[in-house]
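Residues per chain are reported as follows:
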Amino acid sequence: DYLISASFDRTLCLWNADRRTLIKSIKAHAHCINSLCMHESGVVMSAAWDQAVRVWDLRVRQGGHGFVAAMVLPSAPLTVAAGSSE
């Protein structure tokens, strides 16, 4: 099992939940990450104070690590909405 965390230091971290070890950490945004959600398909969405929503596909592996930015989502039903008070 995996766990993903987001932080005010602008990083996303992928953890092995069983072993409680860090698998991968990436600087994902230009400002603090304030929202994170994961779809059952393995797609993770993060939003930050940089006014960006980013999509990460944990199913795709590159160099043995699980973070690859995705531009196209699979055919699985998935709707993303983001908003701001501004």
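Quick note: structure is the one above.
What counts, and where the lines are drawn
Residues numbered from 1 in each chain as written. Predicted model: local features only at pLDDT ≥ 70, side-chain atom pairs only at ≥ 80, totals over all residues. Heavy atoms only, no water. Core = buried A, V, L, I, M, F, W, Y, C linked by side-chain atoms within 4.5 Å. Buried < 20%, exposed > 50% of the residue type's maximum accessible area, 1.4 Å probe, protein only. Helix = DSSP H or I, 4+ residues; strand = E, 2+ residues; numbered from the N terminus. Pairing = 2+ DSSP bridges. Phe/Tyr/Trp six-rings, centres within 6.5 Å; stacked < 30°, edge-to-face > 60°. Axes fitted to C-alpha atoms, helices over the stretch in contact; angles between N-to-C directions.

**Student:** I'd love a proper account of the nonpolar core, names of residues and values included.
**Tutor:** Judged by nonpolar contacts, Ile4, Leu12, Leu14, Ile26, Ala28, Ile33, Val44, Ala48, Trp56 and Leu58 together constitute the single largest core of 10 residues. Those elements giving two or more residues to this core turn out to be strand E2 (11-16) and strand E5 (43-48).

**Student:** A description of the pairing of strand E1 (residues 2-6) should follow, citing residues and the corresponding values.
**Tutor:** Bridge analysis of E1 against E2 gives 5 bridges, and the strand direction is antiparallel. Residue pairing across strands places Ile4 opposite Leu14, the latter belonging to E2. Between the end of E1 and the start of E2, which pair antiparallel, lie 4 residues, with Arg10 showing a positive phi angle near 80°.

**Student:** Talk me through the packing of aromatic side chains; I want residue IDs and the actual numbers.
**Tutor:** Summed over the entire model, instances satisfying the criterion amount to 1 aromatic pair. A centroid spacing of 5.2 Å and a plane angle of 65° characterise the contact between Phe8 and Trp49, whose relative ring orientation is edge-to-face. Pair noted here: Phe8 is in the loop between E1 and E2 and Trp49 is in the loop between E5 and strand E6 (53-57), with a separation of 41 residues, a long-range link.

**Student:** Tell me what's going on with the sheet that holds E2, and back it up with residues and numbers.
**Tutor:** The strand order across the open sheet formed by 3 strands is E1-E2-E3, and the pairing between neighbours is antiparallel. Every other strand in the sheet has two partners, leaving E1 and strand E3 (21-27) as the edge strands with one partner each. Across the sheet, the axes of successive neighbouring strands diverge by a mean angle of 20°, strand direction being ignored. Two elements, E2 and E3, share 6 bridges in a ladder whose sense is antiparallel. In the strand pairing of E3, Leu14 is matched with Lys24.

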